[in-house]
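Residue-level structure breakdown
Chain by chain, the residues run as shown.
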Amino acid sequence: MRDQIARIRQRLLQGSYPNEAAVTHGVVSPILSAHGWDTTDPDQVMPEHSSGRGRVDFALLGSARRPSVFIEVKGVGRSIEGDRQLFEYAFHEGVPLCVLTDGREWSFYLPSGQGTYDDRRVYRLQLDDREPSECERILIRYLEYQRVRSGDAFEDAQRDYRDLASKREAKDALPKAWSELVAEREELLLELIADKAEALSGFRPSLDDVALFLQNEGGQASVLQSNRGARRDSGEIANRNAPRAREIPSSSLNSSATALRYQPTPATRTVTYIVLGDTRTASNANAAFVDILKSLAAHNPGKLHELATAVQGRSRNHIARSVEEIYPARPDLARAAEIAPGWLVGLNIANREKMAITKTACDVFGLSFGTDVAIELPNVA
């Protein structure tokens, strides 16, 4: 099959299929045959199938000899012309899966989906833009004879449609999410932007100035740019095997923290630091910050309550006994790590805030910052 696809790709590049008939006989029919369809058997493949509203080039018949897939063929470069009529035929006969192709581009649609024709496309395959092995995998997924007859092809198309619909909904929610973060003066967002401005200019803007910028020029420009640049690649299928965040032990935490999930920030710079006279190295700022607090807590656990009070923020508790205390507004978004039995530190903070907490911890524990504990973090002046 891969060799056949490679030959078709080469002919497409050479312009060997000048019209719809050439595409039908030179591309579509061979591909159907290679995927188990007997194109000479009218109980499997019905060319020029007449529906109540017109004619479709191919109907692939399911186990009950009813159309399971409609295929509409166009000349190379003219595939967009067939959307409306193909959907009308499919709706009239209740066909679960449609294919529109010009030989080079293969679009697989779920007619029962919602939205525009493009919204109901579950996959777009370019034969001359993908490796033959990838083309073979997609064609098998949606067109292989046994998969169509068993209904597996349709079930996969439904699953892929739901995945794409979820991705569209998530993308559409981005402007609202941004607006709410700006309106709520999310502390981490303000701190991160202030850190970057300070790194670029040498001077740190006030958080009020950052918030005003986001509410006016910055926020509007970012949302507009996001809307202009966003585009949907209907050829992507959601990765259902994406790794989940690791769960940390919670047996010693309050019950409200049993669902806590912690996923460290990806390493961007190795951090070397000193804690209680011992020089250590961590893969990133979060790991170093957590290790320092763990070491200090082990040195004198009775000071943790005092430290938690000393580093309390305006809208959250940086060190506390539950996720809800650390991030009251959105505990589901909290990233935290255990620094002692029953005590957590929040990690939704900028490096500048980590440094400030570390220095305060030295004061509370009666240690000298720069001697007993020493650390430098990126983007902190």
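What about unusual backbone geometry?
Where the residue is not glycine, phi is negative for most of them; where a peptide bond is considered, it is trans in most cases. Backbone geometry at E48 places phi at a positive 50 degrees, although glycine is not the residue there. Even without being glycine, L276 reaches a positive phi, approximately 55 degrees. Within the secondary structure, L276 is located in the loop between β7 (271-275) and β8 (278-282). With relative accessibility at 38%, the residue L276 sits in the partly exposed group.

Section: the sheet that holds strand β9 (residues 319-320)
Pairing within the open sheet is antiparallel, and its three strands lie in the order β9-β11-β10. Because the sheet does not close on itself, it has two edges, and the strands there are β9 and β10 (336-340). Pairing of β10 with strand β11 (residues 343-346) involves four bridges; the strand directions are antiparallel. Within β11, the position partnered with A337 by the bridge is V345.

Describing the environment of E338
Within the secondary structure, E338 is located in strand β10. A relative accessible area of 19% places E338 in the buried class. For the pair E338 and L293, spaced 45 residues apart in the sequence, the C-alpha separation amounts to 9.5 Å.

A closer look at the nonpolar core
By size, the foremost hydrophobic cluster in this structure holds 36 residues, and its most contacted members are I71, W106, F108, L125, L127, L139 and L143. The biggest single contributor to this core is helix α2 (residues 20-34), with six residues. Once residues lying within four places of it in the same chain are set aside, the contact partners of L125 are R104, E105, W106, F108, R130, C135, I138 and L139. In terms of nonpolar packing, the next biggest core, distinct from the first, is built from 34 residues, A288, L293, L347 and V373 among them.

What to know about the environment of Y273
Along the chain, the position of Y273 falls in strand β7. When its relative accessible area of 4% is taken as the criterion, Y273 is described as buried. On a C-alpha basis, the gap between Y273 and F289 in space is 9.5 Å, while along the polypeptide they are 16 residues apart. There is a polar contact of 2.6 Å between the side chain of Y273 and the side chain of D291.

Topic: the pattern of salt bridges
Inspection of the entire model under this criterion finds 15 salt bridges. With a closest N to O distance of 3.0 Å, D57 and R55 form a salt bridge. The buried category is assigned to D57, whose relative accessible area is 5%. On the basis of relative accessible area, R55 is assigned to the partly exposed category, the value being 36%.

Concerning the sheet that holds β8
Spatial ordering of the open sheet is given by β8-β7-β12, a layout of three strands whose pairing is antiparallel. Two strands close off the open sheet at either side, each with one partner strand: β8 and β12 (373-375). For this sheet, the mean angle separating the axes of adjacent strands, direction not counted, is 20 degrees. With five bridges joining them, β7 and β8 adopt antiparallel strand pairing. Counted as the bridge partner of Y273 is R280 from β8. Contacting β7, β8 and β12, helix α10 (residues 285-299) crosses the sheet at an angle of about 10 degrees to β7.

A few points about α2
Across its 15 residues, α2 extends 20 Å between first and last C-alpha, which sits within 8% of the 21 Å expected from 1.5 Å per residue. At V28, α2 shows its largest kink, close to 30 degrees, and the proline P30 lies no more than four residues downstream. Of all the residues in α2, the buried ones are A22, V23, T24, V27, V28, S29, P30, I31 and L32. A side-chain oxygen of the first residue of α2 lies 3.3 Å from the backbone nitrogen of A21; this N-cap is N19. Once α2 finishes, G36 follows within two positions and takes phi at roughly 95 degrees, a positive value.

Reading the values: the criteria
- Residues numbered from 1 in each chain as written.
- Predicted model: local features only at pLDDT ≥ 70, side-chain atom pairs only at ≥ 80, totals over all residues.
- Heavy atoms only, no water.
- Helix = DSSP H or I, 4+ residues; strand = E, 2+ residues; numbered from the N terminus.
- Buried < 20%, exposed > 50% of the residue type's maximum accessible area, 1.4 Å probe, protein only.
- Pairing = 2+ DSSP bridges.
- Core = buried A, V, L, I, M, F, W, Y, C linked by side-chain atoms within 4.5 Å.
- Contact = heavy atoms within 4.5 Å.
- Polar contact = N/O pair within 3.5 Å; in protein donor to acceptor, adjacent residues only side chain to side chain.
- Salt bridge = Lys/Arg side-chain N within 4 Å of Asp/Glu carboxyl O.
- Axes fitted to C-alpha atoms, helices over the stretch in contact; angles between N-to-C directions.
- Expected span 1.5 Å × (residues − 1).
- Bend = angle between axes of the 7 residues up to and from the residue.

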